[in-house]
Each structure stands twice: as C-alpha cells, then as structure tokens.
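The chain contents come next:
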Amino acid sequence: MLDYKTLRPFLFKLEPEEAHKIIECLCQIAPKIPMLLAALSKRFCIQDEALAQNINGLDFYNPVGLAAGFDKNALMIESLCALGFSHLELGAVTPFLQIGNEKPRLWRHIQEESLQNAMGFNNQGAEIIAQRLEQYYPFVLPLGINIGKNKTTPQEKAQDDYITLAQKFKDISDYLSLNLSSPNTPNLRDLQNEAFINELLKSLIAFYPKPIYLKISPDLAIDEILKLSEAAINAGIKGLILTNTTLDYSLVANPKEKGGISGKVLANKSKTILKEVAKAFYKKTTLISVGGISNAQEAYERLKLGASLIQVYSAMIFEGPSLVFNLNKGILELLRQDGLNHIQEAIGVNL
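These lines cover the structure that appears in this document, whether it is placed above or below. (Residues numbered from 1 in each chain as written. Predicted model: local features only at pLDDT ≥ 70, side-chain atom pairs only at ≥ 80, totals over all residues. Heavy atoms only, no water.)

Overview of the packing of aromatic side chains
A complete count under the given rule lists 5 aromatic pairs for this structure. For the ring pair Tyr 136 and Phe 139, a centre distance of 6.1 Å and an interplane angle of 85 degrees mean the geometry is edge-to-face. Positioned above the aromatic ring of Phe 325 is the side chain of Arg 43, whose terminal nitrogen or guanidinium carbon lies 5.0 Å from the ring centre. (Phe/Tyr/Trp six-rings, centres within 6.5 Å; stacked < 30°, edge-to-face > 60°. Lys NZ or Arg CZ within 6 Å of the ring centre and 35° of its normal.)

Thoughts on a nonpolar patch on the surface
Taken together, the side chains of Leu 14, Ile 22, Leu 26, Ile 29 and Ile 33 define a hydrophobic patch exposed on the protein surface, amounting to about 410 Å² of accessible area. Its place among the elements puts Leu 26 in helix H2 (residues 16–29). (Patch = residues over 30% accessible without salt bridge, like charges linked within 9 Å, V, L, I, M, F, W, Y side chains within 5 Å. Areas by Shrake-Rupley, 256 points an atom, 1.4 Å probe, with all protein chains shown as cover. Salt bridge = Lys/Arg side-chain N within 4 Å of Asp/Glu carboxyl O. Helix = DSSP H or I, 4+ residues; strand = E, 2+ residues; numbered from the N terminus.)

What to know about the pairing of strand E12 (residues 286–290)
Most of E12 sits inside the fold, with 5 of its 5 residues counted as buried. Of the two faces of E12, both are covered, the one formed by Thr 286, Ile 288 and Val 290 as well as the one formed by Leu 287 and Ser 289. Across 4 bridges, strand E10 (residues 239–242) lies against E12 in parallel orientation. In the strand pairing of E12, Leu 240 is matched with Leu 287. Bridge count between E12 and strand E13 (residues 309–312): 3 bridges; the pairing is parallel. By the bridge assignment for E13, Ile 288 is matched with Leu 309. You can see the chain leave E12, run along helix H10 (residues 296–304) and come back into E13, and the turn it takes is right-handed. (Buried < 20%, exposed > 50% of the residue type's maximum accessible area, 1.4 Å probe, protein only. Pairing = 2+ DSSP bridges. Right-handed = clockwise from strand over helix to strand, strands pointing away.)

As structure tokens, then:
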C-alpha cells in the first residue's frame, strides 16, 4: 500500500477542495472493488474490549469518530467505516441545497498542520442526503447528523430549520449535533444564547428520542461557554461537542481574511475549554472533544480531561488514512503504561 506521506506532496499540489473531491470519488469507488474494504478494515480497524463503551445507549467500539465537515453529503460512509472510526458525524446538512460561499474557500496552513475553511454549509440538502442514508440505516456504526440553518433563512425562522431537519432524520440517524457555532454562516453564532437553546431543545426533545449534542464555538469567553453549557444541560441536551473552528487568526502565520481555523493550532484552545467545561459538568453530561487532535498522546490527554469520545478531521488531511489506527493503538499502549484495563478508567482522571 502506497505510503500516504509519499502521496501527500502530490495531493497538496492540488487546490484543497479539488483534492477532497478526489478522495471523495475514491471513497465512492472503493466499496465496488471486491474485498478492498475488507482488506482496509483488517489493516485499520482495532477491536479491543478495552476501548469499547456504551454512551447514551449507543455502542462505540473505540473513542475516535469523524468530525462533521469531512463527509457533508454522506457519500463516503462505507469507506470511512473501513478506516477504523467508531462513529461518523455527517454534514453539516441544511434543509435545502446550499452551494456555500464563493471559492476559494478552503486553505492549508502546511507548516502549522492546520486548515482554514469558509465553506458556508455547502451540501446537497436534506432530501437528497436523507434518501442516501435510507440505504445504509441502521448502520454498523453510530451515524450522527450535524444540522444547521440555510443562509437565506432569517434569524427569527432559524428554529424552523432545525426542527425540519430533526424530523427529516429522526428515523435514519443515531444522534443529532446542533451546529450554532460555524463562523461561515452570517449571524449563526448569534444563536448561541440561552433563550434560543432552551426553546430549540424543548421543541426537538418532544419528538426526537435519540441523543442531541450541542457543538460550541471556541471563541466564546469561558464564562459564556459555561452558562450555555448549563442551560443546554438543564434543557435536556445529552452532550457537548467542544469545539468548532476558531476565528483567532493569530494562531497561524499567514491567515486568510475569512473562515474558521482547525487543526493542530486549535489544540490548546480546545483542550483548555474542555478542561473548564469538564470541571463543571463532567458528571452531568457527555463530553466529546474535537480540535487539534493528531496523535495518541493528545487524544489520551483529552480522555483524561473528561472526554468520553474524540473526533478528528484536519489531522486526516496531514496524517492520512492510518490516523485512526494509530490513535487507537496509541491509546491502548498508554492505558497499559498507566496500568489501566479499560478506557473508562482513564476518562476524567486528570480533573
């Protein structure tokens, strides 16, 4: 199998969005090649009871999931499963087709191993994506749907978009991730307030019986994050996803003038927020950590700070398809070094 580090310089000669399209096409072709996914699964999937958890009624055979944004249109489910992920968060999905922001809208910061995106919730819309998911669901892994409002939906009608999406995916998803924190839809982050979250969750919980998680921006003050987290927990949220991309352009040497930054440079900010939220709410809700996780040591630190699950995206671009295998293999080794028999013995020990 061609080493990814050998292939990466050629991929990086392409525009990031074009490279992603090639990967997307390859992932669609792979299931049609006899025995290929079986071979990939044998290479990349680690099944060890020490990593398995049941969280909010869902079975995760390891703690590493795919963050939203990589498979926006649910086109790569089977191939991503073969790379060893324990769950896939698809989307963000909006009620109607959305072409997203003007190109270019995705950039690599190669030295910092980070990405900057101003995609703008580009996706094929709920109807097409739901039809596609009906072919897979129920799936061998938990499938989450990251949902957001259409750009053209006025703020006062935003709740309607989220309700429409929850109804559409009620029977073909395992959890919902509420995206109120993307920096690439105008005024979306204004919805990160207690009143809107309370009202929205009250409406969703009335008919969506599965876990609902809230994805939070890393650019809010810690006090504000804690208040929002408490409001969401009191309203019935099952967990918090910490964090989305950041608008802190000081993190990279040559930032663009728009879009959110993800990748290694987000690690400290995301980890700090996880620590503060976990100190307050670790025993009260599920915490999922995302942002800057690219190696097993970083992943293990997030677990010890109270995250039950982690998610990756940008590191896939820089580390390649062996990332999930390396993370899980490393977590197992670190557990054994600490004399622990199961991942749940590590979760929260550093609080």
